[in-house]
2 protein chains.
Amino acid sequence: MVVQIDAEPSQEEIDRIFQALADATRRDILVRVIEREQSVSALAGAYRMSLPAVQKHVAVLERAGLVGKTRHGREQRVHAEPERLARARGVLDAFEALWRHRIDSMDALLAEGPTKEPKE
Amino acid sequence: MVVQIDAEPSQEEIDRIFQALADATRRDILVRVIEREQSVSALAGAYRMSLPAVQKHVAVLERAGLVGKTRHGREQRVHAEPERLARARGVLDAFEALWRHRIDSMDALLAEGPTKEPKE
DNA sequence: GATTTGTACAACCATTTGGTTGCACGTTAG
DNA sequence: CTAACGTGCAACCAAATGGTTGTACAAATC
């Protein structure tokens, strides 16, 4: 088992996380495995697509680190790794912080009085 | 100007939002236009790719509703639409809520006493 | 041991993505 | 008016996505 050490999420890592979340089927799989750890074929039974298609979706979630697999006999149960979701939230939080900062700057400028617009 | 009415984000809408966020260039464009509204060619000057490539990235962000464009003379300035970021956050919050709910359920089960643990 | 079950993987296909170049058009500047 | 600038769009191309079917293999069951 590989322990996650990297504290700094690389851009490719964030790419993979958002990419994995950009599909309704994968988001649904994530919901199901958050609620209860379950096997790939159990997951596949819930959708109208073929089992290999579901396998691929799980693989995408796994490459993003959003889920992990644990072998139980011949089954391989998929479980959620919610720490990676926190990474995605961190990115969105950074955007929101930037936004608030811009609002504050605009407030400060307006408080000083509009002297001259930089106008590029 | 089209006022955003839809309170219920469709799956395709969420797809587009996360898809738009799944690229480092687009996240960087988003940062820049949050900090300051600016034209497409000004954005293009910041990257080593061609201007049409940047135009396409902006178009992806625009289809996701994360940015908007306002015409100022012959320039078309790109500005952020941070309300859509809140949509993405809402999805992540829902995942986290599910996760907390599962933790609570497990706590409740453990509080009752481990009657028959499924062996993990 | 033979059969079924859960999983993995390869090959294939259609569509989308992310990039390029080139052209057209409206707006501003000289 | 003419030239330059900012933008949009179409055509094209390589690579990735999202799906399929088929094959192979290990574990559980009979």
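In what follows, the structure referred to is the one given above.
In what follows, the accompanying structure is described. Note that the structure is predicted; figures quoted are calculated from it, not measured. (Residues numbered from 1 in each chain as written. Chains lettered and ligands numbered in written order. Predicted model: local features only at pLDDT ≥ 70, side-chain atom pairs only at ≥ 80, totals over all residues. Heavy atoms only, no water.)

### Points about the overall build of chain A
Item 1. What chain A contains, in helices and strands, is 5 helices and 3 strands.
Item 2. Written out in order from the N terminus, the α and β elements of chain A read α-α-β-α-α-β-β-α.
Item 3. A buried classification covers 35% of the 120 residues belonging to chain A.
Item 4. For chain A, long-range pairs separated by at least 24 residues make up 52% of all intrachain contacts whose partners lie at least 6 apart in sequence.
Item 5. Accessible surface, chain A as shown: approximately 7600 Å² in total, 52% of it carbon and sulfur. (Helix = DSSP H or I, 4+ residues; strand = E, 2+ residues; numbered from the N terminus. Buried < 20%, exposed > 50% of the residue type's maximum accessible area, 1.4 Å probe, protein only. Contact = heavy atoms within 4.5 Å. Areas by Shrake-Rupley, 256 points an atom, 1.4 Å probe, with all protein chains shown as cover.)

### Here's the deal with the protein's contact with DNA strand D
Item 1. Taken together, 20 residues sit near DNA strand D, with S50, K56 and H57 of chain A together with S41 and Q76 of chain B positioned nearest.
Item 2. Between DNA strand D and the protein, one listed contact pairs a base oxygen with a side-chain N or O atom of K56 of chain A at 2.3 Å.
Item 3. Take K69 of chain B: an N or O atom from its side chain is 3.2 Å from a phosphate oxygen of DNA strand D.
Item 4. Ranked by residue count, the leading element in the surface near DNA strand D is helix α4 (residues 51-63) of chain A, at 4 residues.
Item 5. Partitioning the surface near DNA strand D into residue classes produces 6 nonpolar, 7 polar and 7 charged. (Near = heavy atom within 4 Å. Polar contact = N/O pair within 3.5 Å; in protein donor to acceptor, adjacent residues only side chain to side chain. Nonpolar A, V, L, I, M, F, W, Y, C, P; charged D, E, K, R; others polar.)

### So, the sheet that holds strand β1 (residues 38-39) of chain A
Residue and element names in this part refer to chain A.
Item 1. Here 3 strands make up an open sheet; going across it, the order is β1-β3-β2 and the pairing antiparallel. Each having just a single partner strand, β1 and β2 (67-72) make up the two edges of the open sheet.
Item 2. Pairing analysis gives 6 bridges linking β2 to strand β3 (residues 75-80), with the strands arranged antiparallel. Looking at the pairing, H72 lines up with E75 of β3.
Item 3. Sheet strands in contact with helix α2 (residues 24-35) are β1, β2 and β3, and its direction is about 95° off that of β3.
Item 4. Its contacts with the sheet place α4 against β2 and β3, and it is angled at close to 115° to β2. (Pairing = 2+ DSSP bridges. Axes fitted to C-alpha atoms, helices over the stretch in contact; angles between N-to-C directions.)

### A look at the relation of the copies chain B and chain A
Item 1. It takes a turn of 180° to lay chain B on chain A, together with a shift of 0.1 Å along the axis; the resulting RMSD is 0.1 Å. Between the two chains, the operation in question is that of a two-fold axis.
Item 2. When the interface residues of chain B are mapped onto chain A, 94% of them again fall at the interface, so both copies present the same face. (Least-squares fit on C-alpha atoms with pLDDT ≥ 70 in both.)

### Some points on the interface of chain B and chain A
Item 1. With 31 residues of chain B at the contact, the number on the chain A side is 31 residues.
Item 2. Both sides of the chain B and chain A interface together cover about 3100 Å² of buried area, and 65% of this is carbon and sulfur.
Item 3. Inspection of the chain B/chain A interface yields 6 salt bridges.
Item 4. Residue E96 of chain B is joined to R89 of chain A by a salt bridge in which the shortest nitrogen-to-oxygen separation is 3.6 Å. (Buried area = accessible area lost by both parts, 1.4 Å probe. Salt bridge = Lys/Arg side-chain N within 4 Å of Asp/Glu carboxyl O.)

### What about the nonpolar core?
Item 1. Ranked by size, the top nonpolar core spans 54 residues in total, and within it L21 of chain A together with L21 of chain B carry the most contacts.
Item 2. Residues in contact with L21 of chain A, not counting those within four places in the same chain, are R27, L30, L66, L85 and A88 of chain A together with F18, L92 and F95 of chain B. (Core = buried A, V, L, I, M, F, W, Y, C linked by side-chain atoms within 4.5 Å.)

### A short note on the protein's contact with DNA strand C
Item 1. Contacts to DNA strand C come from 20 residues, most closely from S41 and Q76 of chain A together with S50, K56 and H57 of chain B.
Item 2. Within the side chain of R74 of chain A, an N or O atom sits 3.2 Å from a base oxygen of DNA strand C.
Item 3. Within the side chain of R26 of chain B, an N or O atom sits 3.0 Å from a phosphate oxygen of DNA strand C.
Item 4. If you list the elements that add at least two residues to the surface near DNA strand C, you get α3 (40-44), α4 and β3 of chain A together with α4 (51-63) of chain B.
Item 5. Among the elements that line the surface near DNA strand C, the one with the most residues is α4 of chain B, at 4 residues.
Item 6. Residues belonging to the surface near DNA strand C are distributed by class as follows: 6 nonpolar, 7 polar and 7 charged.

### Some thoughts on the environment of S41 of chain A
Item 1. Within the fold, S41 of chain A resides in helix α3.
Item 2. Taking the C-alpha atoms as reference, S41 of chain A lies 8.4 Å from V54 of chain A; in sequence the two are 13 residues apart.

### A word on α4 of chain B
All names here are of chain B.
Item 1. The first and last C-alpha atoms of α4 sit 18 Å apart over 13 residues, in line with the 18 Å expected at 1.5 Å per residue.
Item 2. Inspection of α4 places V54, H57, V58 and L61 among the buried residues, and these make up the whole buried set. End-on, the buried residues of α4 take up no more than an arc of 100°, which puts them together on one face. Opposite the buried face of α4, at more than 90 degrees from it, the exposed residues are K56 and R63.
Item 3. Of the surrounding elements, those touching the buried residues of α4 are α1 (11-21), α2 (24-35), α3 (40-44), β2 (67-72) and β3 (75-80).
Item 4. Of the residues trailing α4, G65 is marked for its positive phi of about 80°. (Expected span 1.5 Å × (residues − 1). Arc of directions from axis to C-beta.)

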